[in-house]
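# Summary of the model geometry
As a plain string of letters, each chain reads:
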Amino acid sequence: MEFKANKVDAANIEISATLTKEQIEKNLDTVAKQAAKTMNVQGFRKGKVPVAVVKQRFGSKLLEDARGEAIRKVIDDSLKSLDVKFEDLIGEPSVTKFDVKEDGNIDTEISIAIKPTIDLGDYKSLVPEVKAIEVAIEKIDERLTEIAKESAPLQKIARKRAVKDGDFAVIDFEGFVDGVAFEGGKAEKYPLQIGSGSFIPGFEEQVVGMKYEEEKDITVKFPEEYQAKDLAGKDALFKVTLHEIQEKAAPELNDEFAQKLLPNEKDVTLDTLRDRLKEQMSGQEKATYYRDEVKPAFLETLVEKINFALPKTVVEQEINFALNNRIRAMKEEELNELKDNASKVEEIRNELRVDAENSVKATFIIDALAKAENVEVSDQEVTQVLYFEALQMGQNPQDVLKQYQEAGYLPAIKMSMIEEKVTSKLFDEKAK
């Protein structure tokens, strides 16, 4: 077996080799003998199946295994000759050529990606200027009023008037399609918040202006994507009666209100609640500021200033991912154009290459930054985040976790969390 291994750069290895017929046949004998020891074949005792029978029954599969073993041997010998460790490899080696010759020999070429060496240099000097985040007292009191209003009880308005946006209209309603009442389309004394968008589009707008004990026919059209398929896209008529209008009681911002929101703390005052809310709102605004303004500028600078070799196979995977997304978004005529003009696909790949390279580069830089800053994210932290988000969305956390695991999303989520953690740490240091 002959091979030539070449370290193209710090992140890529190219191997060309000739797998000899003799080597493959030797491997075939070995895998056939191993298989014969454990294989169940009718008419033979287990472990006593003749090698010739095994080859006859399972020849194509055994030949595939024998060739695979020959490729593994080439890769092992190549890595040793270049003094490269297996743990430095990224992903699986890619066989780019596999040419079976008439004499039984096989000419093959293999590409291997290895972890690039990254010199971050004085990376902290590349962190952009970070402004201090201050939340105005007016914003805090505005948010306090919203919270108080959200938790306040509903009460009947002091004087009768017509329904307006933001009111809670207490109504009876019954819905009909083609003159027939449909299941789930009837309720009594239902408190509908006008402007909430919780009813069929167009319904709430037609309640606006109704007066006490007024009866009104409201016509709407169910959305095409409505969950009840027998109603989707159909016109409906609702007979509606307005009984009364309610609104949230005017909130009182005082120490008692603060104590209700912070029941586990002692000596709570309204100022205590303001301080807690200021801390929370500052954190939210800072996170948004970091994510939308500071981080994009920082990553762009890192990608521009820090140079190193990129693993070609990883870049190609990123291009393929972007290409698939582009194709999924295409219209039928665009897809037909691709089928008729194969070179168009290559044009698109070339268009996507720079962004793909920058994306891969940024990922490796973030990984290097995390190591330099001793930033880690445990699997437990990833699980906790997914659980919390699932609960917020009213979903079963176990089902969401299982879905993400099966889809292979967990590594990407973990990397995203590491990115947020390490960049926030650097930005916080800069802000100080």
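Residues numbered from 1 in each chain as written. Predicted model: local features only at pLDDT ≥ 70, side-chain atom pairs only at ≥ 80, totals over all residues. Heavy atoms only, no water.

## A word on the packing of helix α6 (residues 270-305) against helix α12 (residues 410-431)
Running from N to C, α6 and α12 point in directions that differ by 95 degrees, and their axes come no closer than 10 Å. When the axis of α6 is compared with that of α12, the two are roughly perpendicular. Residue-level inspection shows Lys 286, Tyr 290, Val 294, Lys 295, Phe 298 and Leu 299 of α6 in contact with α12, the latter providing Glu 419, Glu 420, Thr 423, Ser 424, Leu 426, Phe 427, Asp 428 and Ala 431. Residue classes in the contact of α6 with α12 are distributed as seven nonpolar, two polar and five charged. (Axes fitted to C-alpha atoms, helices over the stretch in contact; angles between N-to-C directions. Helix = DSSP H or I, 4+ residues; strand = E, 2+ residues; numbered from the N terminus. Parallel < 35°, antiparallel > 145°, perpendicular 65-115°, else oblique. Contact = heavy atoms within 4.5 Å. Nonpolar A, V, L, I, M, F, W, Y, C, P; charged D, E, K, R; others polar.)

## Structural notes on α6
Given a rise of 1.5 Å per residue, 36 residues ought to cover 52 Å, and the 49 Å separating the end C-alpha atoms of α6 matches this to within 8%. At Val 294, α6 shows its strongest bend, of approximately 40 degrees, with the proline Pro 296 following within four residues. (Expected span 1.5 Å × (residues − 1). Bend = angle between axes of the 7 residues up to and from the residue.)

## Focus: the pattern of salt bridges
Under the definition given, this model contains 28 salt bridges. Ionic pairing is found between Asp 167 and Arg 161, a salt bridge with its closest N-O pair at 2.8 Å. You can call Asp 167 buried: its relative accessible area is 3%. A salt bridge links Glu 316 to Arg 349, with the nearest nitrogen and oxygen atoms 2.4 Å apart. Placement of Glu 316 in helix α7 (residues 312-328) and of Arg 349 in helix α9 (residues 343-372) is noted, with a sequence separation of 33 residues between them. Under the relative-accessibility criterion, Glu 316 is labelled partly exposed at 27%. Several salt bridges share partner residues, and in doing so they unite Lys 124, Glu 373, Lys 425 and Glu 429 into one network. (Salt bridge = Lys/Arg side-chain N within 4 Å of Asp/Glu carboxyl O. Buried < 20%, exposed > 50% of the residue type's maximum accessible area, 1.4 Å probe, protein only.)

## What about the packing of aromatic side chains?
Applying the stated rule across the entire model yields 14 aromatic pairs. Plain terms: the ring middles of Tyr 190 and Phe 199 are 5.5 Å apart, the flat faces sit at 45 degrees to each other, and that makes the pair tilted. The exposure class assigned to Tyr 190 is partly exposed, which follows from its relative accessible area of 32%. By the ring-pair criterion, three or more aromatic residues cluster together here, those being Phe 173, Phe 182, Tyr 190, Phe 199, Phe 203, Phe 222, Tyr 226 and Phe 238. Lying over the aromatic face of Tyr 289, Lys 131 brings its terminal NZ or CZ to 4.9 Å of the ring centre. When the ring centre of Phe 308 is taken as reference, the NZ or CZ atom of Lys 361 above it lies at 6.0 Å. (Phe/Tyr/Trp six-rings, centres within 6.5 Å; stacked < 30°, edge-to-face > 60°. Lys NZ or Arg CZ within 6 Å of the ring centre and 35° of its normal.)

## Structural notes on helix α3 (residues 137-151)
With 15 residues, α3 extends 21 Å between its outermost C-alpha atoms, agreeing within 8% with the 21 Å of an ideal straight helix rising 1.5 Å per residue. Those residues of α3 not exposed but buried are Ile 140, Leu 144, Ile 147 and Ala 148. The buried side chains of α3 occupy one side of the element, clustering within an arc of 95 degrees when seen end-on. Turned more than 90 degrees away from the buried face of α3, the exposed residues are Glu 138, Glu 142 and Glu 150. (Arc of directions from axis to C-beta.)

## Observations concerning the side chain of Arg 349
According to the relative accessible area criterion, Arg 349 is buried, its value standing at 12%. Of the polar contacts made by the side chain of Arg 349, one reaches the side chain of Asn 320; its length is 2.5 Å. Excluding residues within four positions of it along the chain, Arg 349 makes contact with Glu 316, Ile 319, Asn 320 and Leu 323. (Polar contact = N/O pair within 3.5 Å; in protein donor to acceptor, adjacent residues only side chain to side chain.)

## Observations concerning the pairing of strand β3 (residues 94-100)
Looking at chain direction, β3 and strand β4 (residues 106-113) are connected through six bridges and run antiparallel. Looking at β4, one finds that Asp 99 is bridged to Asp 107. Linkage of β3 to β4, two consecutive antiparallel strands, is achieved through a turn of five residues, within which Gly 104 is found at a positive phi near 95 degrees. (Pairing = 2+ DSSP bridges.)

## What about the pairing of strand β7 (residues 180-193)?
Here strand β6 (residues 168-177) runs beside β7; their pairing, made up of eight bridges, is antiparallel. In the sheet register, Val 170 faces β7, and the bridge partner there is Pro 191. Two successive antiparallel strands, β6 and β7, enclose a turn made up of two residues, where Asp 178 displays a positive phi of approximately 55 degrees.

## Observations regarding a nonpolar patch on the surface
Together, Val 95, Phe 98 and Val 100 line one region of the surface with nonpolar side chains, adding up to about 230 Å² of accessible area. In this structure Val 100 comes out as partly exposed when scored by relative accessible area, which is 41%. (Patch = residues over 30% accessible without salt bridge, like charges linked within 9 Å, V, L, I, M, F, W, Y side chains within 5 Å. Areas by Shrake-Rupley, 256 points an atom, 1.4 Å probe, with all protein chains shown as cover.)

## Considerations on the nonpolar core
Ranked by size, the top nonpolar core spans 37 residues in total, and within it Leu 120, Phe 298, Leu 302, Ile 365, Leu 369 and Phe 427 carry the most contacts. Sort the elements by how many residues they give to this core and α9 lands first, with eight residues. When neighbours within four sequence positions are excluded, Phe 427 is seen to be in contact with Val 127, Pro 128, Val 130, Tyr 290, Val 294, Lys 295 and Phe 298. Ala 169, Ile 200, Ala 236 and Leu 242 belong to the second largest nonpolar core, which has 24 residues in total. (Core = buried A, V, L, I, M, F, W, Y, C linked by side-chain atoms within 4.5 Å.)

## Side note on the side chain of Lys 295
With respect to the helices, strands and loops of the structure, Lys 295 is situated in helix α6. Here Lys 295 is in contact with Tyr 290, Glu 419, Glu 420, Thr 423 and Phe 427, once residues within four sequence places are set aside.

## Considering a negative patch on the surface
Negative charge collects at one region of the surface, where Glu 332, Glu 333, Glu 334, Glu 337 and Asp 340 lie side by side. Topologically, Glu 337 is positioned in helix α8 (residues 332-340). (Lys, Arg positive; Asp, Glu negative; His and termini not counted. Charge placed at Lys NZ, Arg CZ, Asp CG, Glu CD.)

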